Amino acid sequence: MTHLPFITAAYALGVGAPAVLALLSWRRLKLAQKRLAVIDPRMSR
Amino acid sequence: MTWPGLILLAIGIGWGLFFSPADWQQGDSVRIMYIHVPSAWLASAGYVGLAICSLSSLVWRHPLADLAAAEIGPVGAAFTAICLATGSLWGKPMWGAWWVWDARLTSMLVLFFLYLGHTALMQAFDDPVRGARAAAILALVGVINLPIIKFSVQWWNTLHQGNTITLTGAPGMHIDMLWPLLVCTVGFTFAFGAIVLARTRAAVMERRIRGLLMAQAERA
């Protein structure tokens, strides 16, 4: 494969950055759900 | 939206990396296109979403519009950064330069700064409503950059290639390259949507948590 270092870097960035963003978003959502369940009476029903 | 996006991305990336043909001129570096083009499309489409949310916020005072705009901003900035970086990684072996002050590249850089400016303005005021209003105005002014990005390759003599895919004409690339590109584009679009939706849901919950805690504090 020609230009392999450039292709590897592009795919690492193009897949890695959205994956990190998705993981951080998912963690933030789970944390918010957990915190809300503790203080919101509607969530514990 | 998450699982279809992941499946389409896995298929599209695998297809683009290992099964699509190399270009006769660019060699295998053409495979960078399967990341670069979807991220460029999402950078612009994300900004359209941001502008629609800003308009809804300013005109109709929709309660979700500010929250959604605040969450689209960083995700759009990330995809614009991916577009710029992958373009640079393609430009070095093809043009011999990481960066040129070409109209398309420069207008994409302006888009990146608009996203950053929007995110910064959102957090620049003690009163979040004023911050959201200022950011919404910036987002609407920045819409002028979208046609500049789109038509920059026609209006100016650019090093960046012209439009390969148009709504009216036949695509300027082989079908064996077009299909993986379309699959990657749909997959990245689903991923973008899933990330923004997760962030917006979290923001709604965080706002509710703040409201409940303040109500508790007032009662105490």
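The preceding data block contains the structure.
Below: a short report on this structure. Everything numeric here is computed off the predicted structure, so don't read it as measured data.

Rules used in this analysis
Residues numbered from 1 in each chain as written. Chains lettered and ligands numbered in written order. Predicted model: local features only at pLDDT ≥ 70, side-chain atom pairs only at ≥ 80, totals over all residues. Helix = DSSP H or I, 4+ residues; strand = E, 2+ residues; numbered from the N terminus. Contact = placed C-beta atoms within 7 Å. Nonpolar A, V, L, I, M, F, W, Y, C, P; charged D, E, K, R; others polar. Axes fitted to C-alpha atoms, helices over the stretch in contact; angles between N-to-C directions. Parallel < 35°, antiparallel > 145°, perpendicular 65-115°, else oblique. Left-handed = near helix turned anticlockwise from the far one by under 90°. Buried ≥ 20, exposed ≤ 12 C-beta atoms within 10 Å, placed from the backbone. Expected span 1.5 Å × (residues − 1). Core = buried A, V, L, I, M, F, W, Y, C linked by C-beta atoms within 7 Å.

A word on the overall build of chain A
When helices and strands are tallied, chain A shows 1 helix and 0 strands. Expressed as lengths along the three principal axes of its C-alpha atoms, the size of chain A is roughly 60 × 10 × 5 Å.

Comments concerning the overall build of chain B
Secondary structure summary: chain B contains 7 helices and 0 strands in total. Ordered by position in the sequence, the α and β elements of chain B form the string α-α-α-α-α-α-α. In terms of overall dimensions, chain B has C-alpha extents of about 75 × 40 × 30 Å along its principal axes. Across chain B, contacts joining residues at least 24 apart in sequence account for 75% of those joining residues at least 6 apart.

A closer look at unusual backbone geometry
Backbone geometry at Arg 61 of chain B places phi at a positive 55 degrees, although glycine is not the residue there. Assignment of secondary structure puts Arg 61 of chain B in the loop between helix H2 (33-60) and helix H3 (65-95).

Structural notes on the interface of chain A and chain B
Counting residues at the interface gives 25 residues for chain A, matched by 30 residues for chain B. Of the residues belonging to the side of chain A that touches chain B, the class tally is 17 nonpolar, 5 polar and 3 charged.

Observations concerning the packing of H2 of chain B against helix H7 (residues 175-219) of chain B
Working note: a packed helix pair is described by the angle between its axes plus the distance between those axes. All names here are of chain B. One way to put it is that H2 packs onto H7 with a least axis distance of 9 Å and a crossing angle of 45 degrees. Judged by the angle between their axes, H2 and H7 are oblique. Where H2 crosses over H7, the two elements pack in a sense that is right-handed. In this structure, H2 contributes Met 33, Tyr 34, Val 37, Pro 38, Ser 39, Trp 41, Leu 42 and Gly 46 to the contact, and H7 contributes Pro 180, Leu 181, Cys 184, Thr 185, Phe 188, Thr 189 and Phe 192.

Section: the environment of Ala 85 of chain B
Residue and element names in this part refer to chain B. Relative to the helices and strands, Ala 85 is located in helix H3. In this structure Ala 85 comes out as partly exposed when scored by C-beta crowding, with 19 C-beta atoms within 10 Å. The spacing of Ala 85 and His 36 is 49 residues in sequence and 8.5 Å in space, taken between C-alpha atoms.

With respect to H2 of chain B
Between the first and last C-alpha of H2 of chain B there are 39 Å, a value that for 28 residues agrees with the 40 Å anticipated at 1.5 Å per step. Where H2 of chain B terminates, the next one or two residues include Arg 61 of chain B, which has phi positive at roughly 55 degrees.

Looking at the nonpolar core
Grouped together as the largest cluster of nonpolar side chains are 60 residues, with contacts concentrated most on Ile 32, Ala 43, Ala 69, Val 75, Phe 79, Phe 192 and Ile 195 of chain B. For this core, the element with the most residues is H3 of chain B, which contributes 15 residues. Non-local contacts of Ile 195 of chain B, meaning those with residues more than four positions away in its chain, are made with Leu 21, Ala 22 and Ser 25 of chain A together with Val 75 of chain B.

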